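# A closer look at the structure
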Amino acid sequence: MMMPNKKIALITPPLLTDIGHHPLFPPLGLAYLAAVLDQNNFEVKIIDCPVNRYDYTKLQAELTAFEPAIIGIGSMTPIAEAAFQTAQTAKQACPNAQIILGGPHATFQDRDILTTEKSIDLIVRGEGEETLLELANQTQTNKPLNDIKGISFRKDQEIIQTPNRPPIQNLDTLPRPAYKYVPIEKYWVQGQKLLSVITSRGCPYKCPFCVASQMFGQQFRARSPKNVLDELQWLQSEYGAEGIAFQDDTLTFDKKRAADICEGMIERKINLRWGCGTRADTVTKELLQKMAKAHCDEVMFGIESGCEQMRQTLKHGVTNQQCHNAIKWAKDAGMFVTVSVIIGYPGETKQTLQETLDFVRKTEPDDAWLCHATPFPGTQLRELVEKNGWKMSEDWKTYSTMNAIFEDPNLPAKEIAQMRKQFYNKFYSISYIMRQAKKGYLQGNIYSKIMTRTAANYNLWRAMSAFHR
């Protein structure tokens, strides 16, 4: 009797030539999928094309040699075209394999993708661990696709969308990321051993430019401090990690839990330098001091705007005073402080944008990311741009937050670009260099070596990080 093929390949597509560098961190999302499959006795191969410098020819050879039954591909909007080409390559290499696409872009463009990309057999929407495992077991269970939640597929010229799969409630039940399937040493940055960790999923906020709450649910779900601390020690002892990038949307949403993690790092003497992103209204002076004591070197605050009117439009319930306080407290604690803002959202004027630029300049962060409002599929912003009938780019490669994607007749893109350029020319001034030199950031610590790169490089990294989750 022939044994079922239990080989599964998980792929990070080759980067398009005009996208740039490979991701800085291992593909965390694929590593979680691999861990769940490995735990259930499947033979897994992660093929991270960018870090291995694979083009489509090398990818095809790798798949042909492996002969998997299932090929899973991640998708983030800026690399959607690469994901489609990867699916085509996979189908050529393994015509009998089931080609599955997952990730944010696939989740919200499932109908369009299944209509136009015939090499893709099925789409996994939202959180993928339980869904992919159920699909992998299907050869033995013979469970109808209609009964598997969280997927979209073609059937008799019709596209079927099954009900959404409920999010995993107890994240502590997930195994640790299966980094054994990736060449971990290839991700080191300038010889620094940096790894990423995510300690929570789900976002209770409803930012109209973001799909996090739709991808992972509006309920904030968090791993226990002990579970997180055990993983940090494992990364340090097993892989020699020297630094950690927490990829949570809002690490300090639960301030007590964040404090407990910091206290645990101090008590266990986990000397990993780390950075995170969060909101100004979820930190206190005391928490930031505790984070710094636990070796937090860098924090990013998504302040979104320096104009109260635009913050209301962005549904970002934070005040200028809260942002000012958080930035000052973090700087006083010795952290490298970055702020990010959204520019050009519908309703923006030259005056409101100038208010934001003036506010950022006044607070003197160590770095600032001015991100164009980008109408990613699934966002309220995209619905608004479509409703207004504004011209919008469909070239997914441009969706990096570094480009104006739509044309608002009330504030032309060329004016936004000019104001943005003028801001950066003034921000990165001689006085800025002197401030950074005084703080020692020109030589940099582990995290700031990454974070002091240009905003364009950062936003590519952030897009790729999200793709990997």
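What you are looking at is a predicted structure, and each value in this text was computed from that prediction instead of being measured.

Helix and strand content of the protein: 20 helices and 15 strands. For the protein, the C-alpha radius of gyration of 22 Å lies close to 23 Å, the compact-globule estimate for 469 residues. Along the three orthogonal principal directions, the C-alpha set of the protein runs to about 75 × 55 × 40 Å. The proportion of buried residues among the 469 residues of the protein is 58%. Sequence separation of at least 24 residues holds for 74% of the intrachain contacts in the protein that already meet a minimum separation of 6. Carbon and sulfur atoms form 49% of the exposed surface of the protein, whose accessible area is close to 19,900 Å². Between the averaged position of the 55 positive side-chain charges in the protein and that of its 51 negative side-chain charges there is a distance of 3 Å.

On to the pattern of salt bridges, then. Applying the stated criterion across every chain, the model contains 24 salt bridges. The residue R268 makes a salt bridge to D230 at a minimum N-O spacing of 2.7 Å. Here R268, found in the loop between α11 (255-267) and β12 (273-278), pairs with D230, found in helix α10 (residues 225-239); they are 38 residues apart in sequence, far enough to count as distant. Looking at R268, the relative accessible area reads 29%, which means it is partly exposed. Between E394 and R382 there is a salt bridge; the shortest N-O distance is 3.1 Å. With a gap of 12 residues between them, E394 in the loop between α16 (380-388) and α17 (413-427) and R382 in helix α16 connect regions that are remote in the sequence.

Right, let's talk about the packing of aromatic side chains for a bit. For the structure shown, the criterion picks out 13 aromatic pairs. When the ring of W234 is compared with that of Y239, the centres are 5.4 Å apart and the planes differ by 90°; the resulting orientation is edge-to-face. Assigned by exposure class, W234 and Y239 land together as buried. Aromatic side chains F427 and Y428 sit 5.0 Å apart centroid to centroid with 85° between the ring planes, which places their arrangement in the edge-to-face category. An aromatic cluster is built from F423, Y424, F427 and Y428, whose rings are joined through pairwise contacts. Taking the ring centre of F42 as reference, the NZ or CZ of K6 above it sits at 4.4 Å. Across the ring face of Y205, the terminal group of R279 is positioned such that the distance to the ring centre comes to 3.7 Å.

So, on to helix α4 (residues 80-93). Under the 1.5 Å per step criterion, the end-to-end length of α4 is 20 Å for 14 residues, consistent within 8% with the ideal 20 Å. Residues of α4 that are buried include every one of A80, A82, A83, F84, T86, A87, T89, A90 and A93, and no others. In this structure, the buried side of α4 is in contact with β1 (7-12), α3 (56-66), β3 (70-74), β4 (98-102), α5 (104-108) and α6 (110-116).

A few words on the environment of Q312. With respect to the element layout, Q312 can be found in helix α13 (residues 308-313). Relative accessible area serves as the criterion here: at 65%, Q312 is assigned to the exposed category. Along the backbone, Q312 and Y181 are 131 residues apart, and their C-alpha atoms lie at a distance of 45 Å.

For the rest of this paragraph, the subject is the packing of α10 against α11. One can describe the packing of α10 onto α11 by two numbers: an axis separation of 9 Å at closest approach and a directional angle of 40°. As the angle between them shows, α10 and α11 are arranged oblique. Both α10 and α11 take part in a crossing whose hand is right-handed. Here P225, V228, L229 and L232 of α10 lie close against α11, whose contacting residues are R257, D260, I261, G264 and M265. Considering only residue class, the contact of α10 with α11 consists of 6 nonpolar, 1 polar and 2 charged.

What counts and what doesn't
- Residues numbered from 1 in each chain as written.
- Predicted model: local features only at pLDDT ≥ 70, side-chain atom pairs only at ≥ 80, totals over all residues.
- Heavy atoms only, no water.
- Helix = DSSP H or I, 4+ residues; strand = E, 2+ residues; numbered from the N terminus.
- Rg over C-alpha atoms; globule rule 2.2 N^0.38 Å.
- Buried < 20%, exposed > 50% of the residue type's maximum accessible area, 1.4 Å probe, protein only.
- Contact = heavy atoms within 4.5 Å.
- Areas by Shrake-Rupley, 256 points an atom, 1.4 Å probe, with all protein chains shown as cover.
- Lys, Arg positive; Asp, Glu negative; His and termini not counted.
- Charge placed at Lys NZ, Arg CZ, Asp CG, Glu CD.
- Salt bridge = Lys/Arg side-chain N within 4 Å of Asp/Glu carboxyl O.
- Phe/Tyr/Trp six-rings, centres within 6.5 Å; stacked < 30°, edge-to-face > 60°.
- Lys NZ or Arg CZ within 6 Å of the ring centre and 35° of its normal.
- Expected span 1.5 Å × (residues − 1).
- Axes fitted to C-alpha atoms, helices over the stretch in contact; angles between N-to-C directions.
- Parallel < 35°, antiparallel > 145°, perpendicular 65-115°, else oblique.
- Left-handed = near helix turned anticlockwise from the far one by under 90°.
- Nonpolar A, V, L, I, M, F, W, Y, C, P; charged D, E, K, R; others polar.

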